[in-house]
Amino acid sequence: MRPTRAIFLLRLTAVTALIALGAPTAAAGAATNDGHRRSCVSSRVPDRGPARDILRIAEQAKKEMDLKSVILRVTVDGREVVTTALGESMTGVPADPAMHFRNGNVAISYMGTALLRLVDEGRVGLDDPVGRWLPDLPNGLGDRITLRMLGASTSGLVDYVTAPGFGDAVAEDPFRQWTAEELVAISTSRPLWYEPGTNWSYSHANFVLLGAALEKITGTPLDELLQQKVMGPLGLHETRNSFTPDIPTPVLHAFTAERGTYEESSFWNPSWTTAPGAVQTTDICDLARSASGIGSGALLSRSAYQEMLNPGTVGLGRATKKCPATVCIANTEATHYGMGLLVLNDWVSQHPLFFGYTAAQAYLPGERVAIAVSTTKGRSTPDGHTAQTITQRIAATLVPDHPIPDFG
């Protein structure tokens, strides 16, 4: 028999009480009575219950997939179920929940939320043409592409990451600083996959352009805007942009064999991954808090939250002669792209993967379950999204009536 929500929360309450007997009273990453923030710390795990089940999942996955590290945090109703770190950051340095790692496209969900907050404020409309703020886009694209199309990834722009030669250029010089202009030019110099708004395909160029548009709309640098509109209000104190490859200490180091030899990739330059000002690092406590805040639409009106969950993508994603099914992926009611994030059955999710890092944040609004996972690769870690795999396994154990499916 599958547990009901009442039984699950009863079990959780017991676990939380057990943890509280031997743990500090302030939640990891929360403010203490003297106003200082506690570090993100591991919780004490009891001998049985959901926290122990989650730890076993992480331990098994680490061994099975030869992961160098697994860091995770799970909360329900904002209360900690478990926070833990397994493995090493680098040789002789244990992984720790307070370590910072790159959050990749999680920052895209912050851009989507910032855009929707501007809509709530009446400053823009989702169907405003982006050319109002970016008039120099070639081939009349500024008049054909709207803010909605950028945030929902329905512009038809080719993804520069998949353009011929781009991957080789990154591999040949992983420390190269890419500019937004270079990246957008790769995409806009190629024919559109389809007429804007008529299909769906993921393109990093959408979010580079969205970041530039948000700056023009508000007159505020993107890093400051996201801090004002998203990270500050959600209390994401350890999440920040960097215009260099630097990662704040303590660092979760990453390694990869993408170039043929297992090597450190922590400080490879991530400037190509999204808009300047949204290339961020975070820790696992912020990632869990982010899952809850973004996934619940805490900063949005009800109408804006509904736009975030489905900005018109359901029913899009059809293969054509120009756009194969591997690119124009079907968006269904069950699995579709929202405004800078994924809706996977009942979950609101995002999961970046690059440079030896994988991470995942997932939130189940009906049960108020937040899952955050970060992993780094060992020498024989298979290709694939290991953090998302662990997240799916945790969900299957905690809330078996609500599995997290794959997208596409």
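See above for the structure.
Residues numbered from 1 in each chain as written. Predicted model: local features only at pLDDT ≥ 70, side-chain atom pairs only at ≥ 80, totals over all residues. Heavy atoms only, no water.

Scanning the chain for helices and strands turns up 12 helices and 14 strands. Relative to a compact globule of 408 residues, whose C-alpha radius of gyration would be 22 Å, the chain shows 21 Å and is just as compact. Expressed along its principal axes, the backbone C-alpha trace of the chain runs to roughly 65 × 50 × 45 Å. Counting across all 408 residues of the chain, residues that qualify as buried make up 57%. Restricting the contact set of the chain to residue pairs at least 6 apart, pairs at least 24 apart contribute 70%. Split by element, the accessible area of the chain, about 16500 Å² in all, is 52% carbon and sulfur. Both charge centroids of the chain, one from 35 positive and one from 40 negative side chains, sit 5 Å from each other. (Helix = DSSP H or I, 4+ residues; strand = E, 2+ residues; numbered from the N terminus. Rg over C-alpha atoms; globule rule 2.2 N^0.38 Å. Buried < 20%, exposed > 50% of the residue type's maximum accessible area, 1.4 Å probe, protein only. Contact = heavy atoms within 4.5 Å. Areas by Shrake-Rupley, 256 points an atom, 1.4 Å probe, with all protein chains shown as cover. Lys, Arg positive; Asp, Glu negative; His and termini not counted. Charge placed at Lys NZ, Arg CZ, Asp CG, Glu CD.)

On to empty space enclosed by the protein. All told, the structure shown has two cavities of 30 Å³ or more when counted by the stated rule. For the largest cavity, the calculated volume is near 40 Å³. Looking at the lining of the largest cavity, the elements that each hand over two or more residues are α10 (284-295) and β11 (347-350). Residue composition of the lining of the largest cavity, grouped by class: four nonpolar, five polar and no charged. Roughly 30 Å³ of volume is contained in the second largest cavity. The wall of the second largest cavity is formed by Arg102, Asn103, Gly104, Pro270, Thr273, Thr274, Ala278, Val279, Gln280 and Phe354. (1 Å grid on protein atoms, 1.4 Å probe; cavity = no way out; pocket = protein on both sides within 12 Å on 5 of 7 lines; lining within 4 Å. Points joined across faces, edges and corners; volume = space filled by probe spheres on them. Nonpolar A, V, L, I, M, F, W, Y, C, P; charged D, E, K, R; others polar.)

The next thing to look at is the pattern of salt bridges. Inspection of the entire model under this criterion finds 15 salt bridges. Residue Arg368 is joined to Asp77 by a salt bridge in which the shortest nitrogen-to-oxygen separation is 3.9 Å. Of this pair, Arg368 sits in the loop between β13 (357-364) and β14 (369-377) while Asp77 sits in the loop between β1 (67-76) and β2 (79-90), placing them 291 residues apart in sequence. The partly exposed category is assigned to Arg368, whose relative accessible area is 48%. Overall, Asp77 belongs to the partly exposed group, its relative accessible area being 31%. Among the salt bridges present, the one from Asp128 reaches Arg132, with a minimum N-O distance of 3.6 Å. Judged by relative accessible area, which is 16%, Asp128 ranks as buried. Residue classification places Arg132 among the exposed positions, given a relative accessible area of 53%. (Salt bridge = Lys/Arg side-chain N within 4 Å of Asp/Glu carboxyl O.)

Let's shift gears to the environment of Val41. Relative to the assigned elements, Val41 resides in the loop between α1 (5-22) and α2 (50-64). C-alpha separation for the pair Val41 and Pro97, spaced 56 residues apart in sequence, amounts to 5.6 Å.

On to helix α7 (residues 180-188), then. Looking only at α7, the buried set comprises Ala180, Leu183, Val184, Ile186, Ser187 and Thr188. In the core, the buried residues of α7 are packed alongside α4 (141-144), α6 (166-172) and α8 (204-218).

Inspection of every chain in the model, using the stated rule, returns two disulfides. Residue Cys323 pairs covalently with Cys328 via a disulfide, S to S 1.9 Å. Between Cys323 and Cys328, the disulfide has an S-S torsion of 100° and is therefore right-handed. Its relative accessible area of 2% is what places Cys328 among the buried residues. With cysteine numbering restricted to those in disulfides and following the sequence, the chain has the pairing 1-2, 3-4. (Disulfide = S-S within 2.5 Å.)

It is worth spelling out unusual backbone geometry at this point. Cis rather than trans, the peptide bond between Thr249 and Pro250 has omega equal to -5°. Tracing the chain through its elements places Pro250 in the loop between β5 (240-241) and β6 (255-256). A positive phi is found at Asn139, a non-glycine position, where the angle reads about 60°. Counting through the fold element by element, Asn139 comes out in the loop between α3 (106-120) and α4. The exposure class of Asn139 is exposed, given its relative accessible area of 60%.

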